[in-house]
Amino acid sequence: MTVQLFIPCFIDQLFPETAFNVVRLLEKAGCNVVYNPQQTCCGQPAYNAGFWDEAKQVGHKFLHDFGDDQVIVSPSASCTGMVKNSYNNLFTNTIVHNRCRAIQGNIHELSDFLVNVLKKDYFGAELEGRAVYHDSCSALRECHIRDEPRQLLSKVDGLELVEMKHTDTCCGFGGTFAVKFEAISSAMAEQKVHQALEMEADFIISTDSSCLLHLQGYIDKHQLPIKTMHLADVLAHGWANI
């Protein structure tokens, strides 16, 4: 299967190794990965801030950067949810209506694609430690992803996956929310990290780098003995031991 890879700007600029691990995972699963270097943003930052005209301009570019007849995979439930759901508000009954609908039907978050489309959940990953999984708001509520990441993590050798309290509660990032309401955002991160520490976890794992950046910032500031990891980085970990 040929797969178009959509790497969100967040990962492109701050976590490029995660992007490379996504390519490794997809190729290991037997996919032919195609990457268009002209791709940029899905338009979510502008959309969430209320600048819908600007978001529409960026979204138009997205719709023409990707083919409408092939699968698109992204390591971000947040950006996937933006395309799948919020593009309805931008492009319904416009000249690109049909193209938008085709792309919405073809885009998948990484764990959803691996488990539900490819039917693969084992990649030979190894990671020693105890972990909790954080359900990002976008994954759970926009993409309806809950069991898929847990299924993939259950097959990682050496990793003990435990459930923390209120795993489906927001971490406090929320895009511009973290800037507009810094005190509330920080308190939410504090709560999430300490719930993970209560489980004696070594890792907090999620599908969204934005959540992980927010949580890691709190962890680093307070020098806490826990680390965040993107799901793709976990699934590509330890291959050299095989």
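The preceding data block contains the structure.
To start, this report covers the structure provided alongside it. The model shown is predicted, which means the values in this text are computed figures rather than measured ones.

Cut-offs and rules
- In this numbering scheme, every chain counts its residues from 1 along its sequence in written order.
- Per-residue local features are limited, in this predicted model, to residues with pLDDT of at least 70; the limit for side-chain atom pairs, both in listing and counting, is 80 or more; totals at the level of whole chains, interfaces and linings are taken over all residues.
- With hydrogens and water excluded, all non-hydrogen atoms of the structure serve as input to the side-chain values.
- Following DSSP output, two strands are said to pair if at least two bridges run between them.
- Put simply, DSSP marks the helices as runs of H or I at least four residues long and the strands as runs of E at least two long, and each gets a number from the N terminus on.
- Helix axes use the C-alpha atoms of the stretch in contact, all axes being lines fitted to C-alpha atoms, and the angles between their N-to-C directions lie in the range 0 to 180 degrees.
- By definition in these notes, contact holds between two residues if any of their heavy atoms fall within 4.5 Å.
- Polar contact is defined as a pair of N or O atoms within 3.5 Å, subject to the rule that within protein one atom must be able to donate a hydrogen and the other to accept it, and that residues adjacent in sequence are counted only when both atoms are side-chain atoms.
- A helix is expected to reach a length of 1.5 Å times the quantity of its residues less one.
- Summary of the burial criterion: residues with accessible area below 20% of their type's maximum are buried, those above 50% are exposed, and those between are partly exposed, where the area comes from a 1.4 Å probe applied to protein chains only.
- Working definition: the arc comes from the directions between the helix axis and the C-beta atoms, pointing outward to the latter.
- Every angle not falling under 35 degrees, over 145, or within 65 to 115 is termed oblique; those three ranges are roughly parallel, roughly antiparallel and roughly perpendicular.
- Here the nonpolar core consists of buried residues drawn from Ala, Val, Leu, Ile, Met, Phe, Trp, Tyr and Cys, with membership extended through side-chain atoms lying within 4.5 Å.

### Digging into the sheet that holds strand β5 (residues 126-133)
- Spatial strand order, β6-β5-β7-β8: four strands in an open sheet with parallel pairing. Unpaired on one side and paired on the other, β6 (157-162) and β8 (227-230) mark the two borders of the sheet. Taken over all neighbouring pairs, the strand axes of this sheet differ in orientation by 35° on average, direction set aside.
- As paired elements, strand β7 (residues 203-206) and β8 share four bridges and run parallel to each other. By the bridge assignment, Ser-206 is partnered in β8 with His-230.
- On top of the sheet, helix α12 (residues 209-222) reaches β7 and β8; it is set at about 170° to β8, its chief contact.

### Points about the environment of Arg-101
- Structurally, Arg-101 is set in helix α6 (residues 97-106).
- In sequence terms Arg-101 and Val-115 are 14 residues apart; their C-alpha atoms lie 23 Å from each other.
- Non-local contacts of Arg-101, meaning those with residues more than four positions away in its chain, are made with Asn-88 and Thr-92.
- Side chain to side chain, Arg-101 and Thr-92 meet in a polar contact 2.7 Å long.
- Within the structure, Arg-101 has its side chain in polar contact with the side chain of Gln-104 (distance 3.0 Å).

### Some remarks on helix α4 (residues 52-65)
- With 14 residues, α4 ought to run about 20 Å at 1.5 Å a step, and its terminal C-alpha atoms sit 20 Å apart, in line with that.
- Along α4, the residues that are buried comprise Ala-55, Gly-59, Phe-62, Leu-63 and Asp-65. The arc that holds every buried residue of α4, seen down its axis, measures 155°, which confines them to one face. Residues of α4 that are exposed and point over 90 degrees away from its buried face: Asp-53, Gln-57 and His-64.

### Concerning the packing of helix α11 (residues 182-198) against α12
- For the pair α11 and α12, interaxial distance at closest approach is 9 Å and the crossing angle is 80°. It follows that α11 is roughly perpendicular to α12 by the angle criterion. Within the contact between the two elements, α11 uses Ser-185, Ser-186, Ala-189, Glu-190, Lys-192, Val-193 and His-194 and α12 uses His-214, Leu-215, Tyr-218 and Ile-219.

### A short note on the nonpolar core
- Core analysis: the biggest nonpolar cluster contains 34 residues, and Leu-26, Phe-113, Leu-114, Leu-159 and Ile-205 have the highest contact counts within it.
- Those elements giving two or more residues to this core turn out to be β1 (2-5), α2 (16-28), β3 (71-74), α7 (110-117), β5, α9 (147-153), β7 and α13 (231-235).
- Setting aside anything within four residues of it in sequence, one finds Phe-113 in contact with Met-1, Val-3, Leu-26, Cys-31, Val-71, Val-73, His-108 and Leu-118.
- Core analysis: the next-biggest nonpolar cluster, separate from the first, contains 19 residues, Phe-66, Ile-72, Met-82 and Cys-100 among them.

The values are spatial; any link to function lies outside them.
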